[in-house]
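Listed here are the chains, written in short residue letters.
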Amino acid sequence: HPRVRLEAVRACAGLDQSDAMDIALGALDQPMDQFLDYALYLTANDLESTWLPAFQSGKLTFDRNPKKIEFVLKAIRNPAAIKPLVEEFKAGRATPDLADLIGSLGSPEDLAVLFNTATAAQSNDFIRIAALQALDRAARQRNVKAKADPAPLAALIAGATDDGVVTAAIRLAGALKLDSARADIAKAAAQTDHPARNDDAIDALA
């Protein structure tokens, strides 16, 4: 019964131990409603001083479950909380879920890690696209931009061979209003051999 789960979630708030938050997040494995969501939000904040240090030190991982990590980090809205995720990304353990979390909560310095990965020559296209899309959402939804020189985006638009990479780079350049990429975006908008790029290029120019 959801009321039983709600009371259990709130009972966890009274437990002074780091894994109490992990236990409370088990509620996410069952159907949620607005009351459970709020109870879990309150518990995350009540226990912040207990679970956050353990999470930042790596002792508490929430089973590396993106859904659980996203919930607690968004609940407390503490930018410092995502530092372990940024370090994981920098260490080469990059995943689309990590990119999305960093894009949703990161500071301009954190977003620079995504940007550097997206524009690095050795990055694979799968991660490159995820990083570019996360940066695009951060710019459009939070008005937060990476603390990095955006110029390499133009090189991606002009030189990348993967349609997904080029399209994501075009969208980000549009969100950043990157005038130096205007000519390359206009060229992409006119290409008949890559129709997937046309609409995004026209939107970016606008």
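None of these values were measured; they are calculated from a predicted model.

Here is what the cut-offs are and how they apply
Residues numbered from 1 in each chain as written. Predicted model: local features only at pLDDT ≥ 70, side-chain atom pairs only at ≥ 80, totals over all residues. Heavy atoms only, no water. Helix = DSSP H or I, 4+ residues; strand = E, 2+ residues; numbered from the N terminus. Buried < 20%, exposed > 50% of the residue type's maximum accessible area, 1.4 Å probe, protein only. Salt bridge = Lys/Arg side-chain N within 4 Å of Asp/Glu carboxyl O. Core = buried A, V, L, I, M, F, W, Y, C linked by side-chain atoms within 4.5 Å. Contact = heavy atoms within 4.5 Å.

**Q** Residue-level account of unusual backbone geometry, with values.
**A** Here Asp63, not a glycine, exhibits a phi torsion of approximately 60°, which is positive. With respect to the helices and strands, Asp63 occurs in the loop between α4 (48-57) and α5 (66-76). A relative accessible area of 57% means that Asp63 is categorised as exposed. The phi dihedral of Arg64 is positive, around 55°, even though this residue is not glycine. Within the secondary structure, Arg64 sits in the loop between α4 and α5. Judged by its relative accessible area of 53%, Arg64 falls in the exposed class.

**Q** Describe the pattern of salt bridges, listing the residues and the values that go with them.
**A** Taken as a whole, this structure holds 14 salt bridges when the rule is applied. For the salt bridge of Lys83 with Asp110, the shortest nitrogen-to-oxygen distance reads 3.0 Å. Of this pair, Lys83 sits in helix α6 (residues 83-90) while Asp110 sits in helix α8 (residues 108-119), and the two are 27 residues apart along the sequence. With relative accessibility at 38%, the residue Lys83 sits in the partly exposed group. Where Arg171 meets Asp200, a salt bridge forms, and the shortest distance between an N and an O atom there is 3.5 Å. In this pair, Arg171 sits in helix α11 (residues 163-175) while Asp200 sits in helix α13 (residues 195-205), placing the two residues 29 residues apart along the sequence. A single salt-bridge network, built from bridges that share partners, covers Asp136, Arg140, Arg171 and Asp200.

**Q** Pulling in residues and values, what's your account of the nonpolar core?
**A** Core analysis: the largest hydrophobic core is formed by 68 residues, its most contacted members being Met21, Trp51 and Leu73. Top contributing element to this core by residue count: helix α9 (residues 125-142), with eight residues. When sequence neighbours within four positions are dropped, the list of residues in contact with Trp51 reads Ser18, Met21, Ala44, Leu60, Phe62, Val72, Leu73 and Ile76.

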